[in-house]
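Reading the structure
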Amino acid sequence: MRENGIEYSDALAFYEGDKTVAADIGVKALYDLKEGDLIATIPKEACLTVKTSQAAAIIDEAELGGDLGLAVAVMYERSKQQSSKWYGYLQLLPFRQSLPIVWSLIEIDSLLAGTELHKAIKEDRSLIQQDWRECYGILKDLYGEKFLENWFTLEHFLAAKTLVASRAFQVDDIHGFGMVPLADLFNHKTAAEDVHFTSVFDDSNSEEADLSSSPIRNKHDTGQFHGKEADLHLNGSEEAVSSSQNGVENSTGSPSDWEGNTDILEMILVKDVAKGHEIFNTYGMLSNSALLHRYGFTEPNNPFDIVNVELATVSDICCQSFTQRHFRRRVNIWRKTGCEPCSSEGSEYFEITADGRPQAELLMLLYIIHLPDPACSNLLFEDDLVGKATHDVVAENENKLNAVGRVARVLGWSKGLCSQRMLVEDNNGNISAKPGKRKRQTRSSKLTKHETEMLSTTNRKQKKNPSKEPAAQILGELDCWLLTIPVCRCLMSLLLERNSLYPQEEEGSMTKSVQMGSGKNLKDSVDYERTKLENINCEQDPKLFHALSLRLSERTILHKCWCLISERLKSLI
């Protein structure tokens, strides 16, 4: 690496990485390091990018940008072998990373069924193959004799894509994404970065540019290349380097000698690292689904894990109790009040967080679906709701309300500041409709006897202080208010349906009990996945290990959500 101008502290040591996180190499501290220490500098010209590759002109002529252009650059430099500037670096890398996009279709179906990745990976494979078919002929025509077909096969293309997806960083606006030698040796640890990655420009009046960028967040983390966060947080490896008592020195001089150099990338520690400890990078606040998708590994107890529930699945469950016409009409009303689901690539869904908390928009949708007709219809004539934007989403404790909060206060949530309420509870706990002042109204606000009894029973139970319930510590007061008896039961059915998407044919006698549906069976699913994971050697079968880890994390979330909703339901019955 040093022949290309890369310098690093003698306090770093490179070692064989932790196989449980698919690490080929890691980086450790040979000596105590301090916050602010400069541990490495990397010239941008030493980074393998579309601009620095020998194939730059051809890639530019072919108009191949982003990860596709970088993948072609990697393939081309590999084809040049010893004549490539990056030959030594490329020899250190595996031929390909074991990302799900290069798993067989049988492995994808058997290991990822039910997870957030299953559909996304199959779509990715199809898109990647389509990319290859479309650019293969163009590249061959442009390269001519330089085009070595045995180096530009679909296999090599997929391999290059896995390296780019799992190792590339955003260098700057000129170079774009690139393979950064040394930087990609540091392993990931969620929310525990040790190092900061910055760019130094030749303009003496300009400040260092922070290359950090928020990870792109979408439903499945589609695997389209976005690069690692350039705000590097590193972890050690095993080629020795030394340090002085008063600070870290590089192989050619002191850290002060590095400062002020032009057009380089600097790695600076953002906290102290003790001798013998690994120095970690972080690729962002990513769920296990995103980590497995982009980088080929998972983390236990990942606080950023989520489980998505498709709007179509909500429809399937609700239509067991209501007509499809009823469901569509209530969804339409829900949308008109400013509520909306998450969406990605044409798919609409709701999220359940790592602590088991369902998305508030899902709770409001289920609440509206179970709301009596007069109360629901009158939502369309509330001036405070219809046409409101949903951008002003803020936390409950900040005296502001998002779309869900606005609807809830109109429906009678006690935290609301609006005087208009469509449902009013008298001293006896009876529910009646009170439209308040509206510009127009076409339907009667009067509730039927059956509707009044249903709402009265639920609201009497809610006269208890929900903030004193243990579940409220996670769910929040508004969530608890929305979780009426019908909503709780519907949501529990939804959780069981979502859990049924995972492979169950291997679970033997447990399968039948899971399909029957109960909280115990959700727990059985978690226990099953955990037991199976404990018996798998990650080094021998990394695909199965990380697929099981993903399934375990997702099913654990479903069980946590079940427990919260079950606890809330018990407080109402």
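Remember, it's a predicted structure, so these values are computed and weren't measured experimentally.

1. Here we look at the packing of helix H8 (residues 288-295) against helix H20 (residues 542-572)
- At a closest axis distance of 9 Å, the pairing of H8 and H20 adopts a crossing angle of 160°. Classified by the angle between their axes, H8 and H20 sit roughly antiparallel to one another. With respect to the hand of their crossing, H8 and H20 are arranged in left-handed fashion. Residues Asn-288, Ser-289 and Leu-292 of H8 lie in contact with H20, whose contacting residues are His-546, Ser-549, Leu-550, Ser-553 and Glu-554.
- Partitioning the contact of H8 with H20 into residue classes produces two nonpolar, five polar and one charged.

2. Re the confidence of the model for the protein chain
- Taken residue by residue, the protein chain gives an average pLDDT of 75. The fraction at 70 or more is 69%.
- Per-element averaging of pLDDT across the protein chain places strand S10 (residues 243-244) at the bottom with 32 and helix H9 (residues 311-318) at the top with 96.
- Within the model, the stretch residues 507-516 combines pLDDT values under 50 with 13 contacts to residues more than four positions away or in other chains.

3. A closer look at the packing of aromatic side chains
- Summed over the entire model, instances satisfying the criterion amount to seven aromatic pairs.
- Centre to centre, the rings of Tyr-283 and Tyr-295 are 4.4 Å apart; their planes meet at 50°, and the pair counts as tilted. You can see Tyr-283 sitting in the loop between strand S12 (264-269) and H8 and its partner Tyr-295 sitting in helix H8, a full twelve residues away along the chain. Considered together, Tyr-283 and Tyr-295 belong to a single accessibility category, that of buried residues.
- Taken together through their ring pairs, the aromatic side chains of Tyr-283, Tyr-295 and Phe-297 make up a single cluster.
- One residue, Lys-28, lies across the ring of Tyr-15, its end atom 4.6 Å from the ring centre.

Cut-offs applied
- Residues numbered from 1 in each chain as written.
- Predicted model: local features only at pLDDT ≥ 70, side-chain atom pairs only at ≥ 80, totals over all residues.
- Heavy atoms only, no water.
- Axes fitted to C-alpha atoms, helices over the stretch in contact; angles between N-to-C directions.
- Helix = DSSP H or I, 4+ residues; strand = E, 2+ residues; numbered from the N terminus.
- Parallel < 35°, antiparallel > 145°, perpendicular 65-115°, else oblique.
- Left-handed = near helix turned anticlockwise from the far one by under 90°.
- Contact = heavy atoms within 4.5 Å.
- Nonpolar A, V, L, I, M, F, W, Y, C, P; charged D, E, K, R; others polar.
- pLDDT = per-residue confidence, 0-100.
- Phe/Tyr/Trp six-rings, centres within 6.5 Å; stacked < 30°, edge-to-face > 60°.
- Buried < 20%, exposed > 50% of the residue type's maximum accessible area, 1.4 Å probe, protein only.
- Lys NZ or Arg CZ within 6 Å of the ring centre and 35° of its normal.

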